[in-house]
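Coordinate analysis (summary)
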Amino acid sequence: MATPQTFITGNGDQRKTLVVVFMRGGADGLNLVAPLEDAGYYKARPRIALGKDTALKLDGFFGLNPLLKPLHEIFHSGELALVHAAGSEDGTRSHFEAQDLMEHGGVAGGGWLGRFLRARPGNVSGPLSAVVFGRTMPESLRGAPSATVMQSFDDFLLGGQSHSLTASLEKLYGAEKSAVGRAGLDTLGALKDIENLRNASYHPAAGAEYGRDEFSRGLLQLARLIKARVGLEAASVDLNGWDSHINQGALMNPMMTRLGTGLAAFRRDLGKEMANVTVVVMTEFGRRLAENSAFGTDHGRGGVMFVMGGGIQGGRVLGKWPGLKDEVLEGPGDLPVTTNYRNVLAALLKKHSPAADLARTFPAFELAPLPLFG
Amino acid sequence: MNSSRRKFLQTGATTAALAATAGCGVDWRNPVRGFVAAAGFDSQPFQPPTAEAIDPVAHVLNRLSFGARPGDYQRVRKLGATPEEAARAYVEEQLQPEKLDDSLADRIVRRFDALDEPAAEMFEYKERFLLNQMVKAAVLRAVYSERQLYEVMVGFWTDHFNIDPGKGDCRWLKASDDRAVVRKFALGDCGLSEPVTILDRLQTFWAGESSAPKPAFNFPAMLRASALSPAMLWYLDGRSNRKANPAEKPNENYARELLELHTLGVHAGYQQKDVMEVARCLTGWTVRGKRQFGKAMVEFNQRLHDDGPKTVLGQTIPAGLGAGDLDRVLNIVALHPATAKHIATKLCRRFISDEPSGAAVATVADEFIASSGDIRATLRKLFATGDFLNARGNKFKRPFHFIVSALRATRAGTDADQQLISYLERMGHVPFHYPTPDGYPEEPGPWLGTMLWRWNFAVNLGENKIKGTRVDLKSLTAHAGGEEKLMAHLLGRRATKEERAAYHDSGAGPALCLASPAFQWC
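About the thresholds
Residues numbered from 1 in each chain as written. Chains lettered and ligands numbered in written order. Predicted model: local features only at pLDDT ≥ 70, side-chain atom pairs only at ≥ 80, totals over all residues. Heavy atoms only, no water. Buried < 20%, exposed > 50% of the residue type's maximum accessible area, 1.4 Å probe, protein only. Helix = DSSP H or I, 4+ residues; strand = E, 2+ residues; numbered from the N terminus. Pairing = 2+ DSSP bridges. Lys, Arg positive; Asp, Glu negative; His and termini not counted. Salt bridge = Lys/Arg side-chain N within 4 Å of Asp/Glu carboxyl O. Domains from an automatic or database assignment. Contact = heavy atoms within 4.5 Å. Buried area = accessible area lost by both parts, 1.4 Å probe. Polar contact = N/O pair within 3.5 Å; in protein donor to acceptor, adjacent residues only side chain to side chain. Nonpolar A, V, L, I, M, F, W, Y, C, P; charged D, E, K, R; others polar.

1. Structural notes on the pairing of strand β10 (residues 303-309) of chain A
All names here are of chain A. Of all 7 residues making up β10, 7 are buried, and the element is well covered by its neighbours. Looking at chain direction, strand β5 (residues 80-87) and β10 are connected through 6 bridges and run antiparallel. Across the sheet, residue A86 finds its bridge partner in β10, namely G303.

So, in structure tokens, the structure goes:
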């Protein structure tokens, strides 16, 4: 029986998988990846800035928050790139507007990932082409062919799990000489794969240690799907709760731990498979440069994006750093956006599917994909 | 409309419907039971197909409708002495929807009367409310309307002139586009009229139509309605296509899709230069936003129009025509041979096969030209081809078609609850949710990942586990005259030995039939 993998690619090629992690709430890029050598940073954040001695060295200018320590080694191994002062053109500083615009990929119908999955050449989708670990479908996948939302593998079941039903379907679809017959068998195969995953105990490879939070759980199940070669092309996992207006440390610190632990475990667990997997971490906007009176930060503009795996040339902090002088700051005092998020995503999609028409994915925008691959 | 009436409409729809339909035998307090009763669930025994292969009657029911209901085959078969004759009679019946009584479907969708408001009034509603109403109304019409070919064509044009109501004011305006462009012109003159407001009159004035032309319902008229549809002006950025000064560059979005998707088709020989020239012709047409006076009003602003001479597809459009450029452009493309071929190909793909013969496409395209884009005449020609008659059971149902055909075949009562819609969501085929201007794809490839959700739908439908949707398979089986005949009804032909075995072995009975490969085709 053909596996979904061979069916989808037609030639048995290893499908590439894109994993989108969305940090909802507006993650403070200046606290995740701090500009240690920019005096403006310390001037504006006398109480909450990341200290030069505590930050983990990246490239001599930027420092990584120590709570992201698991990512430090990945950065220096060249598998993680950071893009600073990244974001969208949306200036509303509204969570809803900014997420909406970013996930739609501009003022456009549908989500950018949905459009990409529709518009890429050889538009054939399998039962597990696109998977969301969470409760709802993110807008980025709006319009995608058959995206599956699951919180666990239990959400991918054939009603009743009756063996006689699957046996009958297998007979009928096995006798059907068409793409639909194959699709039926592929689906039965995927059900079996997931059932095996559900029943088997799982030990992450290479001693990878995931957290116990929802984010890590999502990534762990994702890693299992990727290893099981079920034809996964795009996955979305949210990490929510970055809206740090008050007492930023108390709010952000556990989030950073979750992010770092989850991503590092995922990468360690997948090992060599990471060559075909790209993870991008994004947020709707960064936060104001200046701290507020409540040890927090308010909605800003430029933030930081993470790109991991997929053969990227990492170990670099990309993007033009505009500096934090008053005359550079935007509006109420925000880091301006110098790299549009589309140019990060476009670079990944281009690698994912070289013949894809990215003008359809990101309409009405002149793309200049970031040189993530060297 | 005053606010109390609006509030009443949003919260008291069920009560209103109850009052409006008192005495019609529809129990609106329990919509599902009401629909079941209204749909004549407890009706007479019926005679399913008896042939070994899909016969012409089962074929036309497959293709012109969203699937045969119990009794449909028997009724249509009696329309002619032979199955071929009966099939032809059904085609003719469906080509004249205005002659078919559709009061049941009308009653059922009456509760969505927000959708009947003039475009500008739509802004009074929450966008999600409108979208939900549109989706439910589309499902319920497909399930319950007698004008099946008309509803099929509504789906066809919804894809052809696709607008995703996720963009800008389309959130409010798509509902009026659905009515004033898609449903109004879907199958020629069906006697559907638009509410005419003072603003509509003003709009006519703006458009420079001093003496109103005789209304036409052909493709050119539909194209014009779409070009000036407030939602389309939003969706494809026509509203911001302007040239107020020499430095300003027109927005080419609509111009490109007009040529590539709506008329000529990609690779039809037009050049980038043509796209740019069409965009120039359409500069100045805009639509007022939701915060402006006269919102949703389409108007032509001469100041923003590039009034120089243009050349489109080799034809010269002289300087100084102003708003008149629009009709010059549409006249060049609406009945262009490439447009005829493009539309004919799409119709043949929908009704004949994914790879229709060149001869069939040519026949249909010729009729499109000869009839000046008369949609009925064009379809009549298509249905008369041997290709159509002989291409049976070879079209893969898209998820919407699959769901609706299963509901129709089982004579389900449904109120299109969110739980039903969630199956369409999982399969990526909710009406009005396609992101790009090209509309949901017609070919099977993009839909092959939907098998699990089809099977789950079939199983859960059979077990009455979908909220707001009810079937009575026991009584359906009895009315069909037993299991063998029920299978013939569901499959449009006698079941094979293997299918009969699966029906019994699976323990799922009719649900297995709906989940089987044969039911995925039409």
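Picking up after the structure, the text goes on.
2. Details of the sheet that holds strand β4 (residues 62-64) of chain A
Residue and element names in this part refer to chain A. Taken together, the 3 strands give an open sheet; going across it, the order is β2-β4-β3, and neighbouring strands pair in antiparallel fashion. Taken across any chain shown, the strands that pair with only one partner, and hence form the sheet edges, are β2 (33-35) and β3 (56-57). Taken together, the 3 bridges between β2 and β4 define a ladder with antiparallel strand orientation. Directly across from V33, in β4, lies its bridge partner L64.

3. Some thoughts on the side chain of R350(B)
Residue position: R350(B) is located in helix α17 (residues 337-351). For the buried R350(B), which has no salt bridge, the nearest side chain bearing the opposite charge is E442(B), at an N-O separation of 4.6 Å.

4. Re the domain arrangement of chain B
All names here are of chain B. Along its sequence, chain B is organised into domain 1 (42-94 + 396-520) and domain 2 (337-390). Centre-to-centre, using C-alpha coordinates, domain 1 lies 26 Å away from domain 2. In this assembly, 12 residues from domain 1 lie in contact with 9 residues from domain 2. Taking both partners together, domain 1 and domain 2 bury about 960 Å²; carbon and sulfur atoms supply 55% of that area. The largest contributions to the domain 1 side of the interface with domain 2 come from H59, R63 and E442, which together make up 49% of the buried area.

5. A short note on the interface of chain A and chain B
Residue-level contacts link 45 residues of chain A with 44 residues of chain B. Summing the contributions of chain A and of chain B, the shared interface buries around 3400 Å²; its carbon and sulfur component is 63%. The largest per-residue losses of area from chain A upon contact with chain B belong to R118(A), L172(A) and R360(A), which jointly make up 18% of the total buried on that side. There are 13 residue pairs in polar contact (both at pLDDT 80 or more) connecting chain A and chain B. Contributing elements (two or more residues each) for the side of chain A that touches chain B: α5 (95-104), α6 (112-119), β7 (147-150), α7 (163-175) and α8 (179-199) of chain A. Classifying every residue of the side of chain A that touches chain B gives 21 nonpolar, 16 polar and 8 charged.

6. Focus: unusual backbone geometry
For N247(A), which is not a glycine, the phi torsion comes out positive at approximately 45°. The residue N247(A) is located in the loop between β8 (234-240) and α10 (248-270) in this model. Looking at N247(A), the relative accessible area reads 43%, which means it is partly exposed. Look at A416(B): it is not a glycine, yet its phi comes out positive at around 55°. Residue placement: A416(B) occurs in the loop between β5 (413-414) and α22 (418-426). Using a relative accessible area of 0% as the deciding quantity, one classes A416(B) as buried.

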